[in-house]
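Below, each chain spelled out in residue letters.
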Amino acid sequence: MTPKVSRARRRQIIEALGRGTVPRNGLDLFAVGMERFEKVLDEELSAVTAGSAGFKAVRGEYGSGKTFFARWLAERAKRKRMATSEIQISDRTTPLHRLETVYRSLIGALSTATSPPSALRDIVDNWLLALEDDAEVAKDDRRAMTAAVEDLIETRLAETAKNAPAFATALRFYRRARLAGDHATADGLLAWVGGEPNVAASVRRYAGLKGDLDSTAALHFLQGLLVVLRDCGYPGLLVVLDEVETLQRMRSDNRERSLNALRQLIDEIDKGRFPGLYLVITGTPAFYDGRQGVQRLTPLAQRLHVDFQTDPQFDTTRAVQIRLTGFDQDKLVQLGGTVRDLYAQGNPAEQRIRALVDDAYIKDLAASVAGHLGVGVAPRIFLRKLVADVLYRVADHEDFDPRRDYRQVMVTEGELSEDELNAFRRSRAAVSADEVELDLP
């Protein structure tokens, strides 16, 4: 039975599915097939919040649910009061070999259970308030408080300051600017802490800062961020590097540098340099096994190697690399039923929705979409069709019967992402993908 969900939360989830995107929250409501991962991942997240660090590589074909998995895991992390950040790796905007761009994207997507992206300002402000509470001086003694807080900033960030003293310096002057009411300077300093380039020269002069963030300093800043998070009540940070398979399309020199940067990150995590960090990467099997991916760098291939020749039912989530097997027919039907129940809950047309979009109809719709597109690329399209073309119409039109009025489900190339289209063409090489008619039984 679908649990009771607020109207606002239901609307956000359903609208995202109707657009063909993965919702940003509420994924636990329809996390079909995720049960096998829950126990081990929860244990690993708990270990991270206790001061360790972790890494996990996720593999899956296009459409197998990698983005869904990442956001589902982020929700579980937030329940443990962790902060999270999801980064799309891209050759143009976030090349992995330039860790300063990765750090900047991390900050831009940083969120907590109570603060949406970017949560950096809320986190830093809460941290500074926590330091004021820790300072053993009277609240109304502003000069003594400033000195005490600045001493605490230096003390808490002492390890980071060994290699990147500018991180603590920028935060110290950020507080000064805020207290002075100089919000423009404070904003500029926070942007600099977040790795933003082109911060005004006047802002840098105010704090005595020089230069922009580079790849080496980015890792030190990440260390500092983990300290700040822990001190203000967020005992860990989940970072997802999504779509790392894009490395395969880079120039060979950048690809080599990116693979080496990934190896460096994994090694630094293993050495305990980032307590409180849980790093997840997602990619296709071709990225992990092909010549243009992980296999080009032997040390990285060795670190990520897992033997997947056994039946998927015997996979272990404790391995460094886990695989998503996508949806079979039963899971697709179960997913559709869950979404139908979520939409019908509290809807004025609930009775009509449940009668016309019953389990038998959902099974037929799932069979049609999965049969023509392949189950691996079907879930997103299936849910979009179910929500936008069936559930919305049943709710809005009393005389609409999907079995009678929606017998031919049309799928055009424009509805498919580039990756889905490529997967579709591979599986249907003999059929034109310009326009496909899906006949319902």
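Look up a bit, the structure's there.
In this numbering scheme, every chain counts its residues from 1 along its sequence in written order. Note on the predicted model: pLDDT of at least 70 is required for a residue's local features to be given, and 80 or more for side-chain atom pairs to be given and counted; whole-chain, interface and lining totals, by contrast, use all residues. To obtain the side-chain values, all non-hydrogen atoms of the structure were included, while hydrogens and water were left out.

### Considerations on the packing of helix α6 (residues 142-156) against helix α8 (residues 165-179)
- Fitted lines through C-alpha atoms give the axes, limited to the stretch in contact for helices. The angle between two N-to-C directions lies from 0 to 180 degrees. Runs of E in the DSSP output that reach at least two residues are strands. Runs of H or I that reach at least four are helices, and both are numbered from the N terminus. Closest axis-to-axis distance for the α6/α8 pair is 9 Å, and the angle between their directions is 160 degrees. One way to sum up the angle between α6 and α8 is to call them roughly antiparallel. Two packed elements cross with a definite hand, and for α6 against α8 that hand is right-handed. Residues Arg142, Met145, Thr146, Val149, Glu150, Ile153 and Glu154 of α6 touch α8, and the partners they reach there are Ala168, Leu171, Arg172, Arg175, Arg176 and Leu179.
- Partitioning the contact of α6 with α8 into residue classes produces 6 nonpolar, 1 polar and 6 charged. Roughly parallel means an angle under 35 degrees; roughly antiparallel means over 145; roughly perpendicular covers 65 to 115; every other angle is labelled oblique. For any helix crossing, the convention is left-handed if the near helix is rotated counterclockwise from the far helix by under a right angle, and right-handed if that rotation is clockwise. Contacts are assigned to residue pairs that have any heavy atoms within 4.5 Å of one another. Three classes are used, and their members are as follows: Ala, Val, Leu, Ile, Met, Phe, Trp, Tyr, Cys and Pro are nonpolar, Asp, Glu, Lys and Arg are charged, and the others, Gly among them, are polar.

### Description of the side chain of His97
- Among the structural elements, His97 can be located in the loop between β2 (83-88) and α4 (99-108).
- Judged by relative accessible area, which is 13%, His97 ranks as buried.
- Two N or O atoms form a polar contact when they lie within 3.5 Å of each other; inside protein one atom must be a possible hydrogen donor and the other a possible acceptor, and for residues adjacent in sequence the pair counts only when both atoms belong to side chains. A distance of 3.5 Å separates a polar atom in the side chain of His97 from a polar atom in the side chain of Asn254.
- With residues near it in sequence (within four places) discarded, His97 still touches Ser215, Met250, Asn254, Arg257, Ser258 and Ala261. Burial classification: accessible surface area is computed with a 1.4 Å probe over protein chains only, and a residue below 20% of its type maximum counts as buried, one above 50% as exposed, and the rest as partly exposed.

### A word on the environment of Leu247
- Structurally, Leu247 can be placed in the loop between β3 (237-242) and α12 (252-270).
- Sequence separation between Leu247 and Gln292 is 45 residues; the distance between their C-alpha atoms is 8.2 Å.
- Not counting residues up to four positions away in its chain, the partners in contact with Leu247 are Ile89, Leu96, Arg255, Ser258, Leu259 and Phe287.

### Let's talk about the pairing of strand β1 (residues 54-59)
- Among the 6 residues of β1, 6 are classified as buried, and the element is accordingly described as predominantly covered.
- Judged by which residues are buried, β1 turns out to be covered on both faces: Gly54, Lys56 and Val58 on one side and Phe55, Ala57 and Arg59 on the other are all buried.
- When DSSP finds two or more bridges between two strands, those strands count as paired. With 3 bridges joining them, β1 and strand β5 (residues 321-323) adopt parallel strand pairing. Considered in β5, the bridge of Ala57 is made with Gln321.

### Let's talk about the environment of Glu43
- Structurally, Glu43 can be placed in helix α2 (residues 35-49).
- Spatially, the C-alpha atoms of Glu43 and Arg318 are 9.9 Å apart, while their sequence positions differ by 275 residues.

### Overview of the sheet that holds β3
- One open sheet accounts for 5 strands, arranged β2-β3-β4-β1-β5; its pairing is parallel. Two strands lie at the open edges of the sheet, namely β2 and β5, each paired on one side alone. Across the sheet, the mean angle from the axis of one strand to that of its neighbour is 20 degrees, orientation sign disregarded.
- Bridging between β1 and strand β4 (residues 277-283) involves 6 bridges; their strand directions are parallel. Bridged to Gly54 within β4 is Tyr278.
- On the sheet, α4 packs against β2 and β3 and is oriented at approximately 130 degrees with respect to β2.

### Quick notes on the packing of aromatic side chains
- Only centres within 6.5 Å qualify two rings of Phe, Tyr or Trp (six-membered ring in Trp) as a pair; their planes then separate them into stacked at under 30 degrees, edge-to-face at over 60, and tilted for everything else. Evaluated as defined, the whole model comprises 8 aromatic pairs.
- Ring centres of Tyr103 and Phe221 lie 6.0 Å apart, and the angle between their planes is 80 degrees; this geometry places the pair in the edge-to-face category. Of the two residues, Tyr103 sits in helix α4 while Phe221 sits in helix α11 (residues 215-231), which places them 118 residues apart along the sequence.
- Here Phe221 falls in the buried class, since its relative accessible area comes to 2%.
- On the numbers, 5.2 Å between centres and 70 degrees between planes, the contact of Phe287 with Tyr288 is edge-to-face. Tyr288 matches Phe287 in its accessibility class, with the two residues each being buried.
- Among the aromatic residues, those joined into a cluster by ring pairs are Tyr103, Phe167, Trp192 and Phe221.
- Two conditions define a charge located above a ring, namely a distance within 6 Å from the ring centre to NZ of Lys or CZ of Arg, and an angle within 35 degrees of the ring normal. Of note, Arg176 hangs over the ring of Phe173, and the distance from its end group to the ring centre comes to 4.5 Å.

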